[in-house]
Amino acid sequence: MDHHQQHSVSVAGVIIDDQGRALLTQRRDNDHWEAPGGVLERDEDITTGLLREIHEETGLHVEPVTLTGVYKNMTRGIVALVFRCKVVSGHLTETDEARAFRWATADEVSSLASEAFAIRILDAMHYQQGPAIRQHDGIHLLES
């Protein structure tokens, strides 16, 4: 085992509207539906990176409400921190990274997003107490 392998840390924001729906973005690079987010820059704190990534992908300014989950992609070595967020200002704007947006119910999330990404959104939508901690292979959830 290589003990020098590095992990990267990503952040994502599950933005919930007044009807309890989550905002999904359709990525330009692979057409997948996901919550907006991306990899933190090395010198960037978690909240700053979260706000930057969401604004870059959606045009929205948000406020993080709570950490709802920690997820590790075992295949790629990426640890994702997912936050439930609410919109503060701004307007949805197509970007270089996002081709489309959709406000989705929990049932719609399950049919639009792959299991590994849907669970992040569903955990945030159904957040009760304490963040979920899960592993996946990039597509499917893995048992702990």
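Above: the structure in question.
Residues numbered from 1 in each chain as written. Predicted model: local features only at pLDDT ≥ 70, side-chain atom pairs only at ≥ 80, totals over all residues. Heavy atoms only, no water.

## Overview of the sheet that holds strand 2 (residues 22-27)
For step 1, the next point in the chain: Taken in spatial order, the three strands of this open sheet run 3-2-7, and their pairing is antiparallel. The sheet is open, and its two edges are formed by strand 3 (33-34) and strand 7 (98-104), each paired on a single side.
For step 2, the next point in the chain: One ladder, built from six bridges, connects strand 2 with strand 7; its direction is antiparallel. Note on strand 7: the bridge partner recorded for Ala 22 is Ala 104.
For step 3, the next point in the chain: Sheet strands in contact with helix 3 (residues 115-125) are strand 2, strand 3 and strand 7, and its direction is about 160° off that of strand 2. (Pairing = 2+ DSSP bridges. Helix = DSSP H or I, 4+ residues; strand = E, 2+ residues; numbered from the N terminus. Contact = heavy atoms within 4.5 Å. Axes fitted to C-alpha atoms, helices over the stretch in contact; angles between N-to-C directions.)

## Description of the sheet that holds strand 8 (residues 132-136)
For step 1, the next point in the chain: Ordered by their spatial adjacency, six strands build an open sheet running 4-1-6-5-8-9, and the pairing between neighbours is mixed. Sheet topology places strand 4 (37-39) and strand 9 (141-142) at the edges, where each strand pairs with a single neighbour.
For step 2, the next point in the chain: As paired elements, strand 5 (residues 60-73) and strand 8 share five bridges and run parallel to each other. Within strand 8, the residue paired with Tyr 71 across the bridge is Arg 134.
For step 3, the next point in the chain: Sitting on the sheet, helix 1 (residues 46-58) is in contact with strand 1 (8-15), strand 4, strand 5 and strand 6 (78-90), with an inclination near 110° to strand 5.

## Here we look at the side chain of Asn 73
For step 1, the next point in the chain: By the element assignment, Asn 73 lies in strand 5.
For step 2, the next point in the chain: Separated by 3.0 Å, the side chain of Asn 73 and the backbone nitrogen of Arg 76 make a polar contact. (Polar contact = N/O pair within 3.5 Å; in protein donor to acceptor, adjacent residues only side chain to side chain.)

## Topic: the environment of His 61
For step 1, the next point in the chain: Position of His 61 relative to the elements: it lies in strand 5.
For step 2, the next point in the chain: Each C-alpha atom, one on His 61 and one on Val 79, is 24 Å from the other, the two residues being 18 residues apart in sequence.
For step 3, the next point in the chain: Leaving out residues up to four positions away in the same chain, His 61 has contacts with His 55, Lys 86, Val 87, Val 88 and Ser 89.
For step 4, the next point in the chain: Polar side-chain contacts of His 61 include one of 3.4 Å to the side chain of His 55.

## Some details on helix 3
For step 1, the next point in the chain: Taking burial as the measure, the eleven residues of helix 3 include ten buried ones, the bulk of the element.
For step 2, the next point in the chain: Listing the buried residues of helix 3 in full gives Ala 116, Phe 117, Ala 118, Ile 119, Arg 120, Ile 121, Leu 122, Asp 123, Ala 124 and Met 125. (Buried < 20%, exposed > 50% of the residue type's maximum accessible area, 1.4 Å probe, protein only.)

## Details of helix 1
For step 1, the next point in the chain: Helix length check: helix 1, at 13 residues, gives a terminal C-alpha distance of 18 Å against a target of 18 Å (1.5 Å per residue), a fit within 8%.
For step 2, the next point in the chain: Among all positions in helix 1, only Gly 49, Leu 50, Arg 52, Glu 53, Ile 54, Glu 57 and Thr 58 are buried.
For step 3, the next point in the chain: Considering only its buried residues, helix 1 is in contact with strand 1, strand 2, strand 4, strand 5, strand 6 and strand 7.
For step 4, the next point in the chain: Phi turns positive, to about 85°, at Gly 59, one or two residues after helix 1. (Expected span 1.5 Å × (residues − 1).)

## Side note on the nonpolar core
For step 1, the next point in the chain: Among the nonpolar cores identified, the biggest contains 20 residues, and Val 14, Ala 22, Leu 24, Tyr 71, Val 109, Ile 121 and Met 125 are the most heavily contacted of them.
For step 2, the next point in the chain: Broken down by secondary-structure element, the contributors of at least two residues to this core are strand 1, strand 2, strand 6 and helix 3.
For step 3, the next point in the chain: Ranked by the residues each element gives to this core, the list is headed by helix 3, at six residues.
For step 4, the next point in the chain: Each residue touching Ile 121, except ones within four places of it in the same chain, is listed here: Val 14, Ala 22, Leu 24, Glu 34, Ala 35 and Val 109.
For step 5, the next point in the chain: Grouped together as the second largest cluster of nonpolar side chains are eleven residues, Ile 15, Leu 23, Ile 54 and Leu 60 included. (Core = buried A, V, L, I, M, F, W, Y, C linked by side-chain atoms within 4.5 Å.)

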